[in-house]
Amino acid sequence: MSLSFPFLRPPPFPKANISLTDFVRPISRPEKILTDNDIQNLIEKLLQRRVGGNFWAAPLPKNPQKQSVLLIEDLTDEAFFLAIAKQGDLVILPDHQDYAELAESFKKQGCAVYSGLFDPWSLLDQATEIIASGKTALTIDIGLIARLGHIPLSFSPTARKFFSDIFTSPDVIILALVRQQLTSFQYNDIFTGQPISLDQAITQLSEWRSLIDSNRAIKAACGIAWWKKEAIRRFLWSGEKKRLPMPQKTETALSFLKQKQEAIALWPSREPKGLRKAIAQKEAQLYEVEDGFIRSVGLGSGLHPPLSIVVDKQGIYYDPNQPSDIETLFNETVFSQELLERAQKLIARIQSAHISKYMGTGADKALNFPKNKRIILVTGQVEDDRSVRLGGGAVKGNLDLLKRARENEADSYIIFKPHPDVEAGHRKGFVPQESAEKYADIIIRDYPITRLFDQVDAVHVWTSLAGFEALLRHREVICHGTPFYAGWGLTRDLGAIPARRKRKLDITELAAVTLILYPRYLDPVTGMPCSPEVLIERLIQSPKAKMTPVTWIRHFQGKICAAFRQVMINNPLSGKS
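Turning our eyes to something else, we now look at the overall build of the chain. Scanning the chain from N- to C-terminus turns up 22 helices and 22 strands. Looking at the chain as a whole, 54% of its 577 residues are labelled buried. For the chain, long-range pairs separated by at least 24 residues make up 67% of all intrachain contacts whose partners lie at least 6 apart in sequence. As displayed, the chain offers around 26700 Å² of accessible surface, 51% of which is attributable to carbon and sulfur atoms.

This is the structure we're talking about:
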């Protein structure tokens, strides 16, 4: 018998622009002959990573007692299963009204009944034996998993002739079956279209599984702006068929929490009133969501959806007043050589391609700065940004930041670069030209910040991500607030540093956590979660922001706000000059 449907297949992330054949295709003859040892290693990896079949589906409800499992996909064998069913058995049925009456019959016999899709690997944790009917891909998946996990497997009368010659065979035949299933297909990297090995295919699937598993507890997401809801649903997908609810009110959000330790994801800048306290009272969890560090082409304030986010289960990276996942990673990660080498390559690619949080185009020509002075860059920020409010310390605003930088760098040549969201007219933090010129030698607006990094000696920041980007380019960084990268031995810190930050890191270790371990990334081409390497290459290939009717409206709205602001500044009656 030939099992022509692939056991290894990608999860159906919502709105993804791929098909099954983008990842796996049948082939008539494998390019490489796998030895028994190769196959055994792959089996061990499959058992460890638990990928194959519908692994993204919800796991079966946990049962402290292992039990017999009856998998019924064919009503022809209804009488057979009713005759062998006993109290405590788990009966798995399709989620279809044709099976509703049968489900009630099993419940009357004391069986637990589960309907619908499930993660077949969860059977390994609770099945003492599996008895199956049907001739579907699900039965084939479960048969393979059962044999790999050494769970006794048998079949109903109608399925016995179809399966028993395979699945009840000795282990040597099972090994041959696994070889046939795994080597009858060519696997491809969906991001490049290039062939990959079986081992690489399993690794890719396991990365998606880790992401999906980390989202299992999330039952709703709050504070998500309408223009980025679809992107956030992809990042937070937990294998469910239904769309993740995104309520705006605390009471509605709480209604989705049915058990302790379930979670609500929150974009903190739009936090519903009373949400944190209510979640704590229910002994549920709050996961904070924020833009990642290589966010997109185009500004978030310009309504360009993120291509990277972070999901923090303890706090959030920009709040130094409480622990966060990124702090834990900085403090506790054991950095393998493989991870460090990957981080080094990422840093080199970011440097050579001038990658920044908001990718954009700009001049390549170097600017003419004095040769006999220390050149300092001061980066402006959005003054009501949460990172500033939570970690800004004593600094009172962008003008105060400039003043403090001048006090520290009395004889230096100071460049002030306002924040792009402020320049676009969307956010608070504008500093009038003449006010900035009291402390800065030059104000530079329309010039890529990554190009400036190459031309300065040091960067003064409040809590800006620009400080991290400057560290990647081996520039001295002076922190006036408490950004996430301060306190690890790489910056000159003028703000308060939490005692929790105990470890000294080098830039490669800092980058490994900040760019690889902590954030999540989304490929703008396929719509699938991806690695930072994939996203960086996409941004290099398409460095201009894709404009939609919504982003054009937002763009012109910002222009109008900026123009109105300039009129008010120039108007003597406004009280400003």
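Moving on from the model shown.
Take a probe with the size of a water molecule and roll it over the atoms, and the empty space left behind shows itself. This model, assessed by the stated rule, comprises four cavities of 30 Å³ or more. Considering the residues around the largest cavity, the lining is formed by eleven residues, among which Phe 293, Ile 294, Phe 468, Glu 469 and Leu 472 are closest to the centre. Ranked by the residues each element gives to the lining of the largest cavity, the list is headed by helix α19 (residues 466–472), at three residues. Partitioned by chemical class, the residues of the lining of the largest cavity number eight nonpolar, one polar and two charged. Computed from the structure, the second largest cavity encloses a volume of approximately 50 Å³. What lines the second largest cavity is simply Gly 380, Asn 398, Phe 416, Pro 418, His 419, Val 422, Glu 423, Gly 429, Phe 430, Val 431 and Arg 445. In the lining of the second largest cavity, the residues fall into five nonpolar, four polar and two charged.

As summarised here, the arrangement of the six strands in space is β9-β10-β11-β13-β21-β22, forming an open sheet in which the pairing is mixed. Of all strands in the sheet, those bounded by a partner on one side alone are β9 (218–222) and β22 (529–530).

Moving on to the sheet that holds strand β5 (residues 127–132). Either a parallel or an antiparallel arrangement is found when strands of a sheet pair, and the pairing is made through backbone hydrogen bonds. Pairing in this open sheet of five strands is parallel, and the strands run β4-β3-β2-β5-β6 from one edge to the other. Of all strands in the sheet, those bounded by a partner on one side alone are β4 (112–115) and β6 (153–155). Across the sheet, the axes of successive neighbouring strands diverge by a mean angle of 20°, strand direction being ignored. Pairing of strand β2 (residues 67–71) with β5, which is carried by five bridges, proceeds in the parallel orientation. Among the inter-strand pairings, Ser 68 is bridged to a residue of β5, identified as Glu 129.

Further remarks concern the layout of surface pockets. Estimates place the volume of the second largest pocket at around 1400 Å³. As for the second largest pocket, its lining consists of 36 residues, of which Glu 207, Arg 342, Ile 516, Ser 531 and Pro 532 are closest to the centre. Listing elements by their share of the lining of the second largest pocket, those giving two or more residues are α8 (198–214), α12 (325–332), α13 (337–353), α20 (507–517), β21 (519–522), β22 and α21 (532–541). Partitioning the lining of the second largest pocket into residue classes produces 16 nonpolar, nine polar and eleven charged.

Here the focus is the pairing of β21. Across the two faces of β21 the burial is the same, with Pro 519 and Tyr 521 and Arg 520 and Leu 522 all buried. Relative to β21, strand β13 (residues 308–312) is paired through three bridges, and the arrangement is antiparallel. By the bridge assignment, Ser 308 is partnered in β21 with Tyr 521. Between β21 and the antiparallel strand that follows it, β22, lie six residues; Gly 527 among them carries a positive phi value of about 80°.

Attention now moves to the pairing of strand β18 (residues 458–461). Side chains Ala 458 and His 460 project from β18 onto one buried face, and the interleaved Val 459 and Val 461 project onto a second face that is buried too. Relative to β18, strand β15 (residues 375–379) runs parallel, the two sharing three bridges. Bridging from a neighbouring strand, Ile 376 pairs with Ala 458 of β18. Handedness of the crossover joining β18 and strand β19 (residues 476–479) through α19: right-handed.

Looking now at unusual backbone geometry. Phi is positive for Gln 261, which is not a glycine, with a value near 75°. Within the element layout of this structure, Gln 261 appears in the loop between α10 (250–254) and β10 (263–266). Judged by its relative accessible area of 46%, Gln 261 falls in the partly exposed class. Its identity is not glycine, yet His 354 carries a phi of approximately 55°, on the positive side. Within the element layout of this structure, His 354 appears in the loop between α13 and β14 (358–359). Residue His 354 is classed as buried on the basis of its relative accessible area, which comes to 18%.

Bringing the packing of aromatic side chains into the picture now. One pass over the structure, following the stated rule, counts 17 aromatic pairs. Judged by centre distance (5.1 Å) and plane angle (75°), the ring pair of Phe 80 and Phe 81 falls under edge-to-face. Taking the relative accessible area as the measure of exposure, Phe 80 reaches 23% and is therefore partly exposed. By relative accessible area, which is 0% here, Phe 81 ends up buried. Residues Phe 330 and Trp 488 carry aromatic rings whose centres are separated by 5.0 Å and whose planes lie at 55° to one another, so their mutual orientation is tilted. Of this pair, Phe 330 sits in helix α12 while Trp 488 sits in the loop between β19 and β20 (492–493), placing them 158 residues apart in sequence. For Trp 488, a relative accessible area of 0% translates into the label buried. Of the aromatic side chains, those joined through ring pairs into one cluster are Phe 293, Tyr 317, Tyr 318, Phe 468, Phe 484, Tyr 485 and Tyr 518.

Put simply, helix α2 (residues 36–49) and helix α7 (residues 171–183) touch, their axes get as near as 10 Å, and they point 80° apart. Judged by the angle between their axes, α2 and α7 are roughly perpendicular. Counted together, Asp 36, Ile 39, Gln 40, Leu 42, Ile 43 and Leu 46 of α2 and Leu 175, Val 178, Arg 179 and Leu 182 of α7 form the full contact between these two elements. Residue composition of the contact of α2 with α7, by class: seven nonpolar, one polar and two charged.

Calculation criteria
Residues numbered from 1 in each chain as written. Predicted model: local features only at pLDDT ≥ 70, side-chain atom pairs only at ≥ 80, totals over all residues. Heavy atoms only, no water. Helix = DSSP H or I, 4+ residues; strand = E, 2+ residues; numbered from the N terminus. Buried < 20%, exposed > 50% of the residue type's maximum accessible area, 1.4 Å probe, protein only. Contact = heavy atoms within 4.5 Å. Areas by Shrake-Rupley, 256 points an atom, 1.4 Å probe, with all protein chains shown as cover. 1 Å grid on protein atoms, 1.4 Å probe; cavity = no way out; pocket = protein on both sides within 12 Å on 5 of 7 lines; lining within 4 Å. Points joined across faces, edges and corners; volume = space filled by probe spheres on them. Nonpolar A, V, L, I, M, F, W, Y, C, P; charged D, E, K, R; others polar. Pairing = 2+ DSSP bridges. Axes fitted to C-alpha atoms, helices over the stretch in contact; angles between N-to-C directions. Right-handed = clockwise from strand over helix to strand, strands pointing away. Phe/Tyr/Trp six-rings, centres within 6.5 Å; stacked < 30°, edge-to-face > 60°. Parallel < 35°, antiparallel > 145°, perpendicular 65-115°, else oblique.

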